[in-house]
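Read off the chains here:
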Amino acid sequence: MQQRNRTISRVAWYATACLALGTFLIPAAHAQRLPDTVRPEHYGLKLTPNLKDATFTGSETIDVQVLKPVDSITLNAAEIKFHSVKTKLNGKTLKATVTEDTDKQQVTFNFHQQLPAGPLKLEVEYSGILNGQLRGFYLSKTEKRNYAVTQFEPTDARRAFPSFDEPAFKATYDVTLVVDKGDTAISNTNIISDSAGPGADKHTIRFAPTPKMSTYLVAFLVGDFECTSGESDGVPIRACATPDKVELTKYAVKAAEFVLHYYNTYFDIKYPMPKLDMIAIPDFEAGAMENFGAITYRETDLLIDEKTASIGAKKNVGLVVAHEMAHQWFGDMVTMQWWDNLWLNEGFATWMENKPVAAWHPEWNIPQDVAEGLNGTLNLDAQRTTRTIRAKVETPDQINEMFDGITYGKAGAVLLMVENYLGEDTFRRGVHNYLAAHMYGNATAEDFWGAQTKESKKPVDKIMESFIAQPGVPLLSFETPQGNDVSVSQQRFFLSPSVKVDGAQAWNIPVCIKSSDGGDNCEVLFSTEKSLNVPQAPFFFADAEGKGYYRTSYPADVYAKILSNVETGLKPEEQISLLGDAWAQVRADKMAVGDYLDLVAAVKDDTNASVIGTALGAVETIHTRIAATEEERDALAAWVRRNFKPAYERLGAASDNDSPGKKELRATLFGYLGTIGKDPDVIAEAKQIAEKYLADPSSVESTFAQTAIGIAAINGDAAFFDQLQKAFETSANPQLQESSLRMLAAFKNQTLERRALDYTVSGKVRNQDSAIELLILLRGIETRDQAWQYIQQNWDKVQAQLTTSMGGYLVSGTGSFCSADARQQVESFFSTHKVPASERALARAKDQINDCIELRSAQEGKLKEWIAAQK
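Residues numbered from 1 in each chain as written. Predicted model: local features only at pLDDT ≥ 70, side-chain atom pairs only at ≥ 80, totals over all residues. Heavy atoms only, no water.

**Q** Even after reading the chapter, I still don't get the sheet that holds strand β2 (residues 55-66), so can you show me in this structure?
**A** Two modes of strand pairing occur in sheets, parallel and antiparallel, and in both the strands are linked by backbone hydrogen bonds. Here eight strands make up an open sheet; going across it, the order is β5-β4-β8-β2-β1-β11-β14-β13 and the pairing mixed. Looking at which strands have only one partner, the edges of the open sheet turn out to be β5 (92-95) and β13 (191-196). When the angles between neighbouring strand axes are averaged without regard to direction, this sheet yields 15°. (Pairing = 2+ DSSP bridges. Helix = DSSP H or I, 4+ residues; strand = E, 2+ residues; numbered from the N terminus. Axes fitted to C-alpha atoms, helices over the stretch in contact; angles between N-to-C directions.)

Right, dumping it as structure tokens:
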């Protein structure tokens, strides 16, 4: 499953600061594991949805294997009404009594006699609702009609059919859907028959049997979907959408064609399904979901107009497609045994998604984006509230909280580090061996790192175990190299200087030191202190390639040498690593904020958008979290203009003929000049570009235009608010729709902010988007106070929008405050206004407020000194 943590444009900095939390939440339940006495082997499902009444009926058979004699059979079900349950034993039909435990989301079928070990067929007649919660078998709506669609991960297949709804209970499926005449249906496999009836207004669609798979990967969708078709390596590929948007599916088909061939080659295991469908759904909570052979998406993560889409939008579609397709091997074909090892799905897909996209479009500089993402993950994991990658989970709430930046970002980053240590070919062979050994089965973390250890003959098991089982980020402190040796010590790193560090915690860390010949030296640090070998190089730098999952600290003389080579001797990924390490040291009060700003000035003429974005992203945090007065912010704005406007002006006017890198660099510089820099020329230009783009999206280079809309909104009036609202309500382009909606939350005029708040909870914004709108308003330095007051005063309206799993976004947004009084308000309010499964999000928010108070106290005086020295 793809998190909703992709940026819309770099100017939307306040909207994305905490999306990496990615908490996917479900109302509380106290589910327990099913007994392992009965195992399913095959499901026969026949469902008849009623799109008008938002209900469905189901007829189900489950072939099970009873492993030892039992008196009853327990499985999962939620919001299901049972009409009959029966089985046959020795030629006799037995009817069951059904006992429901709604808290556990379980039902027990009692046949009033002992069932012997061996095969048994359960026959169930039932009915259910097409809910409005974006989970299970649910209703998705457009202005013209209703659709019936599914989202089962992690624990909601039980809302569509009674099932053994745990990943280890794999089985095969025969799916049949009875749908309205004129509608079609999509499921995991290809259609094998389509017959008229029952009745004149229905037809019955039957799909081919599936391979063995987990319940959460089953999918079925009903409506008037239309598709664009393609093919790769003999596999039919389709991208489908509502009829009005089918023209926007073509780019996704191109992406999938490239990715499927890439993965077939990389894994050396052919794509395991007879076809691949990708379906855009109007109402969809996550970014996308990897249902085996029938991947579902938010419209904004699949549908774009290639001619007018920004580079960011194209990257996003490519990466989300690649992420979900990676799951067809990692997660679908080979599935984690239990949700504590969810990282085996999501960490792998996060690491893997970048490879085919980088090969498809090398000009997109994907490795630099990966380095940016790693930097953000390190900061997330260095907070006071974090967790281990593998964590104990039992209930749906606990399971859903696993879908966060640790499972995705940290797990993916650790895999990247280990791959860098072993070499790509060795790591790839280990991946192949792991998949081949567990094909269509379940696996554990030990299975994976055991395969890598065996293939590489290196201590991958010891490295992986230390990072999977321990929370936090290592800090490597180096001394000045002496000849061919350098002494290094490690300890856990926290962004907060007040946290007491456990000196005994240590990791087994592959440390890669930069060398002059490009063959960087990687050596494993097994203890808290050690001497490492130093290869020949003009200067010492201990994160070659920028792929290490650790922070670094150097003596003054070593750091000075790195700085003198920052533009000539470091790759962009290494520059990003250096910038990230330096900023982390500022937050930990180990470096003065002025020293970091001097480092930013040293890279001001860099031509890589990710380097500039990393550098100025931290300056934005200085602007919002350290600077406490308008005078300080104005001084920062002047410094940004003075240092970065010349680089922007050298790029010239935006053009569709520019390289992707140039487009992104221009947009990045333009965005920060218009926000932190408050440059009047940039703001005026942004307003002109935004007006032109909204009138005709093809008239302006889109990467630049998307950034201009953000700047124009921050400085916008009521007329521009009306334009964006109209674009959101009437545009058929999902990218323009989403960006227009997001920017309604950027207006700093209080009257317009109130309009945005009222609009967000009016019912005109889909539930999947409303919490993100509130998050953006909470993150804005000019908008957060009014937004917080509005949320408290209108909680009933706000809470009504949180019927999906988006409550954690709202709670996490309160972490933008920077005072003890605000912290007390947040804590007090959410103690009496509970948001389901947001415990970790609330803990993080309080930590972030405390960290801001601490950061400002430690660094504001130093910022004033630095500002004075600039005059």
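**Q** Explanation requested: the pattern of salt bridges in the structure shown.
**A** Side chains that differ in sign of charge can pair as their charged atoms come close. All chains considered together, the criterion is met by 47 salt bridges. Between Lys250 and Glu247 there is a salt bridge; the shortest N-O distance is 3.0 Å. Relative accessible area serves as the criterion here: at 44%, Lys250 is assigned to the partly exposed category. The partner of Asp605 in a salt bridge is Arg650, and the shortest N-O contact between them spans 2.7 Å. Residue Asp605 is found in the loop between α14 (593-602) and α15 (609-626), and its partner Arg650 is found in helix α16 (residues 630-651); the two are separated by 45 residues along the sequence. With a relative accessible area of 44%, Asp605 lands in the partly exposed category. Judged by relative accessible area, which is 55%, Arg650 ranks as exposed. (Salt bridge = Lys/Arg side-chain N within 4 Å of Asp/Glu carboxyl O. Buried < 20%, exposed > 50% of the residue type's maximum accessible area, 1.4 Å probe, protein only.)

**Q** I keep staring at helix α20 (residues 718-730) and nothing clicks. Help me out?
**A** Owing to its 3.6 residues per turn, the α-helix brings residues three or four apart onto one side. Along its 13 residues, α20 runs 18 Å from first to last C-alpha, staying within 8% of the 18 Å computed at 1.5 Å per residue. Every buried residue belonging to α20 is among Phe720, Phe721, Leu724, Gln725, Ala727 and Phe728, and all of these are buried. Down the axis of α20, the buried set is contained in an arc of 160°. They therefore lie on one face. The exposed residues of α20 that point more than 90 degrees off its buried face are Lys726 and Thr730. (Expected span 1.5 Å × (residues − 1). Arc of directions from axis to C-beta.)

**Q** What is the right way to read the sheet that holds strand β19 (residues 288-289) from this model?
**A** Read from one edge of the open sheet, five strands run β16-β17-β18-β20-β19, paired in mixed fashion. Of all the strands in the sheet, the pair left with one neighbour each is β16 (226-232) and β19. Bridge count between strand β17 (residues 235-241) and strand β18 (residues 276-281): four bridges; the pairing is parallel. Following the sheet pairing, Ala239 is matched in β18 by Met278. Contacts from helix α2 (residues 250-267) reach β16, β17 and β18 within the one sheet, and its direction differs from that of β16 by about 25°. Here helix α3 (residues 311-327) sits on the sheet in contact with β18, β19 and β20 (294-298), set at roughly 145° to β20. (Contact = heavy atoms within 4.5 Å.)

**Q** Help me out: how do you make sense of the state of the cysteines in this one?
**A** Note on terminology: a disulfide is the covalent bond linking the sulfur atoms of two cysteines. One pass over the full model with this rule turns up three disulfides. Sulfur-sulfur distance for the disulfide between Cys818 and Cys852 comes to 1.9 Å. Taking the sign of the S-S torsion, -95° for the link of Cys818 and Cys852, the bridge is left-handed. One end of the pair, Cys818, is in the loop between α26 (807-813) and α27 (820-832); the other, Cys852, is in helix α28 (residues 839-870), and 34 residues separate them in sequence. Comparing Cys818 with Cys852 shows no difference in burial state: the two are buried. (Disulfide = S-S within 2.5 Å.)

**Q** Teacher, can you tell me more about the packing of helix α17 (residues 660-674) against helix α18 (residues 680-695) here?
**A** Relative placement of two packed helices is described by the angle separating their axes and the distance separating the axes. Here α17 crosses α18 at 115°, and the two axes come no closer than 8 Å. Overall, the two elements α17 and α18 adopt an arrangement that is roughly perpendicular. Classified by chirality, the crossing of α18 by α17 is left-handed. Contacts between α17 and α18 involve Phe670, Leu673 and Gly674 on the former and, on the latter, Val682, Ile683, Glu685 and Ala686. (Parallel < 35°, antiparallel > 145°, perpendicular 65-115°, else oblique. Left-handed = near helix turned anticlockwise from the far one by under 90°.)

**Q** Just to check I follow, could you spell out the packing of aromatic side chains for this structure?
**A** Think of a pair of aromatic rings as described by two things: how far the centres are apart, and how the planes are tilted against each other in angle. Following the criterion strictly, the structure yields 54 aromatic pairs and no others. Their ring planes at 45° and their centres at 4.4 Å tell us that Phe670 and Phe704 sit as a pair that is tilted. In this pair, Phe670 is assigned in helix α17 and Phe704 in helix α19 (residues 702-714), connecting sequence segments 34 residues apart. You can call Phe704 buried: its relative accessible area is 2%. Relative to Phe829, the ring of Trp795 has its centre 5.2 Å away and its plane inclined at 85°; by these criteria the two rings are edge-to-face. Here the residue Trp795 occupies a position in helix α25 (residues 795-800), and Phe829 occupies one in helix α27, the gap between them amounting to 34 residues. As far as burial versus exposure is concerned, Trp795 and Phe829 are alike and both buried. Across the ring face of Tyr147, the terminal group of Arg145 is positioned such that the distance to the ring centre comes to 4.7 Å. It is Lys458 that lies over the ring of Tyr421; its NZ or CZ is 4.9 Å from the centre. (Phe/Tyr/Trp six-rings, centres within 6.5 Å; stacked < 30°, edge-to-face > 60°. Lys NZ or Arg CZ within 6 Å of the ring centre and 35° of its normal.)

**Q** Looking at this model, I keep getting lost on the environment of Pro459. Mind explaining?
**A** Mapped onto the elements, Pro459 comes out in the loop between α10 (445-456) and α11 (460-468). Separated by 49 residues in the primary sequence, Pro459 and Asn508 place their C-alpha atoms 9.1 Å from one another. Contact partners of Pro459, with chain neighbours within four places excluded, come to Tyr421 and Phe526.

**Q** It is not clear to me how the layout of surface pockets should be interpreted in this structure. Could you clarify?
**A** Over the atoms rolls a probe the size of a water molecule, and in doing so it shows where empty space is left. One number sums up the size of the second largest pocket: a volume of about 880 Å³. Taken together, 32 residues make up the lining of the second largest pocket; nearest its centre are Thr142, Glu143, Lys245, Gln737 and Arg766. Of all elements in the fold, only α20, α21 (734-744) and α23 (767-779) reach the threshold of two or more residues within the lining of the second largest pocket. By residue number, the principal contributor to the lining of the second largest pocket is α21, which donates five residues. Per-class residue counts for the lining of the second largest pocket are nine nonpolar, eight polar and 15 charged. (1 Å grid on protein atoms, 1.4 Å probe; cavity = no way out; pocket = protein on both sides within 12 Å on 5 of 7 lines; lining within 4 Å. Points joined across faces, edges and corners; volume = space filled by probe spheres on them. Nonpolar A, V, L, I, M, F, W, Y, C, P; charged D, E, K, R; others polar.)

These figures come from the coordinates and say nothing about function on their own.
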